[in-house]
Structure formats: C-alpha cells, structure tokens
Amino acid sequence: MITETIPQIVYDKLSTARVIAAFTGAGISAESNIPTFRGDEGIWTKFKPEELANFDAFMKNPKLVWEWYSARKKIIHEAQPNPGHRALAELENIFDEVIIVTQNIDNLHRRAGSTCVHELHGNIERNYCIKCSKTYTDDAILSGEIPPKCEKCGGLVRPDVVWFGEFLPQDEFTASEEAAQRSDVFFSLGTSGIVYPAASIPQIAKYSGAFVIEINPETTPLTEIADVTILGKTGSVLPEIVHRLRSIKTGGKQD
Ligand code: OAD
Ligand code: ZN
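How each quantity is defined
Residues numbered from 1 in each chain as written. Chains lettered and ligands numbered in written order. Predicted model: local features only at pLDDT ≥ 70, side-chain atom pairs only at ≥ 80, totals over all residues. Heavy atoms only, no water. Donors = N, O, S within 2.8 Å, 3.2 Å for Na, K, Ca; no water. Tetrahedral: all angles 85-135°; square planar, octahedral: opposite > 155°, others 65-115°. Buried < 20%, exposed > 50% of the residue type's maximum accessible area, 1.4 Å probe, protein only. Near = heavy atom within 4 Å. Polar contact = N/O pair within 3.5 Å; in protein donor to acceptor, adjacent residues only side chain to side chain. Areas by Shrake-Rupley, 256 points an atom, 1.4 Å probe, with all protein chains shown as cover. 1 Å grid on protein atoms, 1.4 Å probe; cavity = no way out; pocket = protein on both sides within 12 Å on 5 of 7 lines; lining within 4 Å. Sits in = over half its atoms within 2 Å of the grid points. Nonpolar A, V, L, I, M, F, W, Y, C, P; charged D, E, K, R; others polar. Domains from an automatic or database assignment. Salt bridge = Lys/Arg side-chain N within 4 Å of Asp/Glu carboxyl O. Helix = DSSP H or I, 4+ residues; strand = E, 2+ residues; numbered from the N terminus. Arc of directions from axis to C-beta. Contact = heavy atoms within 4.5 Å.

Participant: Please set out the coordination of the zinc ion (ligand 2) residue by residue, giving values where relevant.
Facilitator: Distances from the zinc ion (ligand 2) to its protein donors, namely C129 (SG), C132 (SG), C150 (SG) and C153 (SG), fall within the range 2.3 to 2.4 Å. Given four donor atoms and angles of 97 to 116 degrees at the metal, the environment of the zinc ion (ligand 2) is assigned as tetrahedral. Between the donor residues of the zinc ion (ligand 2), the gaps in sequence give the motif C-x2-C-x17-C-x2-C. According to the relative accessible area criterion, C150 is buried, its value standing at 5%.

Participant: Tell me about the site of ligand 1, and please be specific about residues and values.
Facilitator: Neighbouring ligand 1 are 22 residues, the closest being F37, R38, T191, S192 and N216. Within the backbone of A26, a nitrogen or oxygen atom sits 2.8 Å from an oxygen atom of ligand 1. Interatomic distance of 3.2 Å between a backbone N/O atom of G190 and an oxygen atom of ligand 1. Summarising the interface, the protein chains cover 90% of the accessible area of ligand 1, which totals 800 Å² for the free molecule. Judged by the fraction of its atoms near the pocket grid, ligand 1 is located in the largest pocket. Per-class residue counts for the shell around ligand 1 are eight nonpolar, ten polar and four charged. Per-domain counts for the shell around ligand 1 show at least three residues from each of domain 1 (1-34 + 81-121 + 168-255) and domain 2 (35-78 + 124-161).

Participant: Please give an account of the pattern of salt bridges that cites residues and values.
Facilitator: The full count for this structure, using the stated rule, is 13 salt bridges. One salt bridge connects K48 with E51, and the closest N-O pair in it is separated by 4.0 Å. What makes K48 partly exposed here is its relative accessible area of 47%. Note on E51: relative accessible area 44%, which makes it partly exposed. Note that E78 and K74 form a salt bridge whose closest N and O atoms lie 3.5 Å from each other. You can see E78 and its partner K74 sitting in helix α5 (residues 62-78), four residues apart, about one turn around the helix. The burial state of E78 is the same as that of K74; both residues are exposed. Salt bridges linked by common partners bring R110, E119, R126 and D160 together as one network.

Participant: Any details on helix α1 (residues 8-16)? Residues and values, ideally.
Facilitator: Where α1 is concerned, the buried positions are V10, Y11 and L14. Down the axis of α1, the buried side of the element spans an arc of 90 degrees, and every buried residue falls inside it. Summarising the contacts, the buried residues of α1 are in contact with β2 (19-24), β8 (185-189), β9 (211-215), β10 (228-230) and α11 (234-249).

Structural data, given as structure tokens:
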C-alpha cells in the first residue's frame, strides 16, 4: 500500500508489537540540514565518490580527502537531531526493545537519546590510524596539521567511516541482521535502499515475517517489499505516529 496518510493498520500492528527495528538513511537527517547523497542537491551529484570516499583516493591525496571530511565533520557537529530522530528515541518509552540500524555516520540517533544503535557505515566522530589502529577523537586531531598523523607510529589517521569497496563492520552487520529477523515491526526511513549490503537488511526483515513500514517522500526499490509506504518526511510522520500511539496505549487520554 502506498499512501500519503498514516493508515490504521500501522497502529494495529504497532499495538501488538514487542520488538521494533528501524533502518535509517540520509533522509532522516535531511531535516537537520545534512545533505543526502542522491537527488538534485545530493552530495554525490556535486562530488565524485571515487575521489573522496575510497582508500586509494585517500592514499593518493590524503590532504584533499581530509579537507572534505573536516568540512563534513563541521556541518555534522553543528547539526542537531530533528523531530524524526527524537520520535525514534521516544519509542523506547513505549516498546520493550527498539533497535536502530543506521547507514548514517552522523551520530544523531545517539544524540537524540536512542540507546541501541548499530552503525553500518561507521561514525564520522571517530578516527583511527591506518597502521596501528590507535583511535583518535576529533578534538585530538583537528586542531593540528591536515592530514593528521599518528602520534604513536606516524601513520596516516583516517575517519572511521566505510568507504566504497570496503567491508562493513562485521559485528554491526550481524547485529543488524539479527534485529531484522527478530523485529515485529520494521521501519525503513529516509533511505534510497540501493546501497548493498546495507539494503539487504529490510529484505531480511520482510522474509522473517516483520511488518515493514517505509517512510520517504518518494518511492524506492524497497517500496516493493514494504507492507505500507507512507509518502512523507520522517520529521513529520514519525512524531505523528508516536503521538497517536501514546494516546492508544494510555486509552485515548492523551488527545
Ligand atoms: P540517499 O541520498 O541515497 O537517499 C536519501 C533518501 O532520503 C531518498 O530516498 C530521499 O527521497 C529520502 N528523503 C529525503 N528527505 C527526506 C525526509 N525529510 N524524510 C524522509 N526521507 C527523506 O541516502 P542513503 O539511502 O542513506 O554510504 O544512502 C545510502 C549510502 O549511500 C550512504 O550510507 C552512503 C552513500 O554512499 C557510504 O558512505 C558507505
Ligand atoms: Zn599509528
């Protein structure tokens, strides 16, 4: 079902659900003014991923890659979680278990208060040495020279994000697969659903019997497997769902 309003079946399914999983992409942070990757204003429309987001490019021109990541770190650092992130965090007050599986590197789910977050593509607030793996905070490296070098071994320090051609962190991926398998209701939020292996997570949820709800202003390849696609922004649709759900759970006293 593709709809612009929230159908009753969403509340019916949520009313009996115990485990909720939410798979998120750049769209959920769009309302925090962090640009998405694809579409007219998308990052990959203006920049080439092969020049900025892969290991060979980094080794060839670490300064350029670091200049770009420093700028992104600044944008993300200054961004605030939006009502979509906060609504997901609030679900923890309603359900036994809420697991966030995110492709985003911006840490906004944790900053909004979500406590169980699996990051499939890393976290831009972390950095590590490519030679000895020593980890660095942004504070420790951004004040110095670009590209930053490891104080222990002199190796290049890189942001802890997954680049094209790299493996996803295995433990995070396994935990995400498990969350998809165990969830009663699975949300796919603000993602184009075309980057694999991450995009296999909603499919695992579907084949494991979860009720799949997609929220996105546009349809995506994941619309085909979603039970309901709500055409809208996560920053408006999610708070509306949470508000109504609270009222259902408290016997309608809240409205
Ligand atoms: P994309 O930029 O591919 O897709 C963003 C999606 O968000 C689109 O489907 C938009 O329609 C939707 N969208 C935009 N505004 C929205 C809003 N307010 N509410 C809800 N949805 C909205 O971003 P991702 O799917 O996250 O990978 O991209 C996946 C991966 O590709 C990223 O993690 C990144 C990128 O290359 C790596 O860096 C490894
Ligand atoms: Zn080192």
